[in-house]
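Inside the fold
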Amino acid sequence: MSKFAAQWRGYAPYLLGIMRIIAAFMFMQSGTMKMFGWPKAMPGGGTVELMSQMGIGATLEIVGGFLILIGLFTRPVAFILSGMMAVAYFQFHFPTSFWTVVNNGSPAVLFCFLWLYYSMVGPGKFSVDGWRGRVQ
């Protein structure tokens, strides 16, 4: 392996942490849109009811997204969110079409597998888990 390749590989934990932060921030926006109509109103306006299925999903997106953003309990939270996104995809997107570009399910599929990945590898750098010494 070249010196450059070895040095580049050393940055992987940092990139993993940065990607976790950016993805969690983007994920939280779906929840805030559903729950608060911010930063953009939902199609048709309005917000979801807190104790509805969509309200519980929005709560998981906001709270779980924030926990992943700061890197606290990353593995179990990411596992739960991965399952939530799989359910969301098959319940809301897949019945429309098999193709994600047609059924608007690409974000659900990508977040499902991204959170599944983080449930396996942990938070990377810049995390509360790492600060607490809980990353293995």
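Everything here concerns the structure above.
To start, this report covers the structure provided alongside it. Because the structure is predicted, anything quoted here is derived from the model rather than measured.

The next thing to look at is the nonpolar core. Counting residues in each nonpolar core, the largest one holds 19 residues, and the members touching the most others are F27, I68, L81, M85, F111 and W115. If near-sequence neighbours (up to four positions away) are discounted, F111 is found in contact with A23, M26, F27 and M85. M35, M42, V48 and I62 belong to the second-largest nonpolar core, a separate cluster that totals 5 residues.

Quick look at the pattern of salt bridges now. One pass over the full model with this rule turns up 2 salt bridges. Between K34 and E61 there is a salt bridge, and its shortest N-O distance comes to 2.9 Å. Of this pair, K34 sits in helix α2 (residues 12–36) while E61 is found in helix α3 (residues 53–70), placing the two residues 27 residues apart along the sequence. Residue classification places E61 among the buried positions, given a relative accessible area of 5%. R132 is the salt-bridge partner of D129, the closest N and O atoms lying 3.9 Å from each other. Here D129 falls in the buried class, since its relative accessible area comes to 7%.

About the thresholds
- Residues numbered from 1 in each chain as written.
- Predicted model: local features only at pLDDT ≥ 70, side-chain atom pairs only at ≥ 80, totals over all residues.
- Heavy atoms only, no water.
- Core = buried A, V, L, I, M, F, W, Y, C linked by side-chain atoms within 4.5 Å.
- Buried < 20%, exposed > 50% of the residue type's maximum accessible area, 1.4 Å probe, protein only.
- Contact = heavy atoms within 4.5 Å.
- Salt bridge = Lys/Arg side-chain N within 4 Å of Asp/Glu carboxyl O.
- Helix = DSSP H or I, 4+ residues; strand = E, 2+ residues; numbered from the N terminus.

The values reported here are purely geometric and, on their own, carry no functional implication.
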